[in-house]
Amino acid sequence: MNAAFAAMALRSEPGAHMLRGIVNGGSAMNAMASNTRQRRVAQVVRGQPTSDGAGVKLNRVIGQRALDMLDPFLLLDEFRSDSAADYIAGFPDHPHRGFETVTYMLAGRMRHGDNHGNSGLLTAGSVQWMTAGRGIVHSEMPEQEDGLMWGFQLWVNLPAADKMTAPRYKDIAPERIPLVETGDGALVRVIAGRFAGATGPVSGIAVDPLYLDLELDAGATLSLPVPEGHNAFAYVFAGDARFGDGEGRGVARGELAVLEDGAAVSIRAGEARAHLILVAGRPLREPVARYGPFVMNTQAEIIQAMEDFRAGRF
Ligand code: CO
């Protein structure tokens, strides 16, 4: 509770008893929610169909003309197809330097391997948070010849001080991701950050990320805190939802809502079950020099990255 609310409650009915009643009563949450700075939708972005890797079809939501980046997020792709021709070629060996790639699988199986001898299998519901740091060369290949392949890849920038850090992985099995049932029609998977007392398994990340998977029953409302000052977006991948106080703004499947600043966001599902990811992170506010799989602070560092890659120094 904040001081303004306390003052208001005292003004309307002087006396400690009344204040206590409001704080402990059911109306306290509503009163507090209306006093919390709610995030509204600043911009709605529709993903662009494209292909990457050796010809994987995907929907690029961040990292395209309508939304070049949302500091510290550099790219968001949704890959979703049950036609093998759309994904079978995969992402053969390619380098990364200067940022982190986060893969969240909803369906299907992806085999990961790199030039440092790491390998792993990403299955439905699993997350891989890879810090490329000073450089890796890796491949991400489907381990299936048919059926649905569905998931996301998010690129998270690293601050200048961490761009040349040693590469590392966090491979997270689905059962390690806390699942919170709110009791009013929402299911929340906490991949990174905190929600309702649950803490996600991804920690020690420079931008202090919040990464939640939200499932809302038709018509259900969920209000949740989002760290103030952090940039945040929500991407709707099933159903549709409205964001913000009152009527809010509608966001359809395949659309991303960039959220204004605030301490909380209110989300209401439409007439069907809605499924979305909500992601937030501390903006780095550093210069970004970007060339394909290299994201550094200056052009000279990009040229160095290309030279190091060619010389086999990844
Ligand atoms: Co990659």
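Before reading on, note that the structure itself is shown above.
Our subject in this report is the structure included herewith. Treat the numbers as computed from the prediction; the structure is a model and nothing was measured.

## Considerations on the coordination of the cobalt ion
And step 1. Around the cobalt ion, the donor atoms from the protein are His94 (NE2), His96 (NE2), His138 (NE2) and Glu140 (OE), and they sit 2.0 to 2.6 Å away.
And step 2. Seen from the cobalt ion, its four donor atoms lie at angles of 83 to 179°, and the figure they make is irregular.
And step 3. Owing to a relative accessible area of 1%, His96 belongs among the buried residues under this scheme.
And step 4. Among the residues examined, Glu140 registers a relative accessible area of 6% and is labelled buried.

## Let's talk about the sheet that holds strand β8 (residues 119-122)
And step 1. Ordered by their spatial adjacency, four strands build an open sheet running β5-β10-β7-β8, and the pairing between neighbours is antiparallel. In the strand order of this sheet, the two ends are held by β5 (91-96) and β8, each with one partner. Averaged over all pairs of adjacent strands, the angle between strand axes in this sheet comes to 20°, irrespective of strand direction.
And step 2. Examined bridge by bridge, β5 and strand β10 (residues 136-142) share four bridges and lie antiparallel to one another. Across the sheet, the residue bridging to His96 is Ile136, located in β10.

## Comments concerning the sheet that holds strand β14 (residues 186-192)
Backbone hydrogen bonds are what pair the strands of a sheet, in a parallel or an antiparallel way.
And step 1. Strand order in this open sheet of seven strands is β1-β22-β19-β24-β17-β14-β13, and the pairing throughout is antiparallel. Every other strand in the sheet has two partners, leaving β1 (41-46) and β13 (179-181) as the edge strands with one partner each. Across this sheet, the average inter-strand angle for adjacent strands is 20°, counted without regard to direction.
And step 2. One ladder, built from four bridges, connects strand β19 (residues 231-238) with strand β22 (residues 255-259); its direction is antiparallel.

## What to know about the side chain of His138
And step 1. Turning to its location among the elements, His138 is positioned in strand β10.
And step 2. Of note is the side chain of His138, whose polar atom sits 3.1 Å from the side chain of His96.
And step 3. Excluding residues within four positions of it along the chain, His138 makes contact with Phe91, Pro92, Asp93, His94, His96, His112, Gly113, Asp114 and Met130.

## Topic: the packing of aromatic side chains
And step 1. Summed over all chains, the structure comprises nine aromatic pairs.
And step 2. Ring geometry for Phe99 versus Trp155: centroids 4.5 Å apart, planes at 35°, classification tilted. Taken together, the residues span a long stretch of sequence, with Phe99 in strand β6 (residues 99-107) and Trp155 in strand β11 (residues 149-157) at a distance of 56 residues.
And step 3. Note on Phe99: relative accessible area 0%, which makes it buried.
And step 4. Judged by centre distance (6.3 Å) and plane angle (55°), the ring pair of Phe294 and Phe309 falls under tilted. With a gap of 15 residues between them, Phe294 in strand β26 (residues 294-296) and Phe309 in helix α4 (residues 299-310) connect regions that are remote in the sequence.
And step 5. Residue Phe294 is classed as buried on the basis of its relative accessible area of 4%.
And step 6. A relative accessible area of 34% places Phe309 in the partly exposed class.
And step 7. Within the aromatic cluster, the residues linked to one another by ring pairs are Trp150, Phe152, Tyr235 and Phe237.

Rules of the game
Residues numbered from 1 in each chain as written. Predicted model: local features only at pLDDT ≥ 70, side-chain atom pairs only at ≥ 80, totals over all residues. Heavy atoms only, no water. Donors = N, O, S within 2.8 Å, 3.2 Å for Na, K, Ca; no water. Tetrahedral: all angles 85-135°; square planar, octahedral: opposite > 155°, others 65-115°. Buried < 20%, exposed > 50% of the residue type's maximum accessible area, 1.4 Å probe, protein only. Pairing = 2+ DSSP bridges. Helix = DSSP H or I, 4+ residues; strand = E, 2+ residues; numbered from the N terminus. Axes fitted to C-alpha atoms, helices over the stretch in contact; angles between N-to-C directions. Polar contact = N/O pair within 3.5 Å; in protein donor to acceptor, adjacent residues only side chain to side chain. Contact = heavy atoms within 4.5 Å. Phe/Tyr/Trp six-rings, centres within 6.5 Å; stacked < 30°, edge-to-face > 60°.

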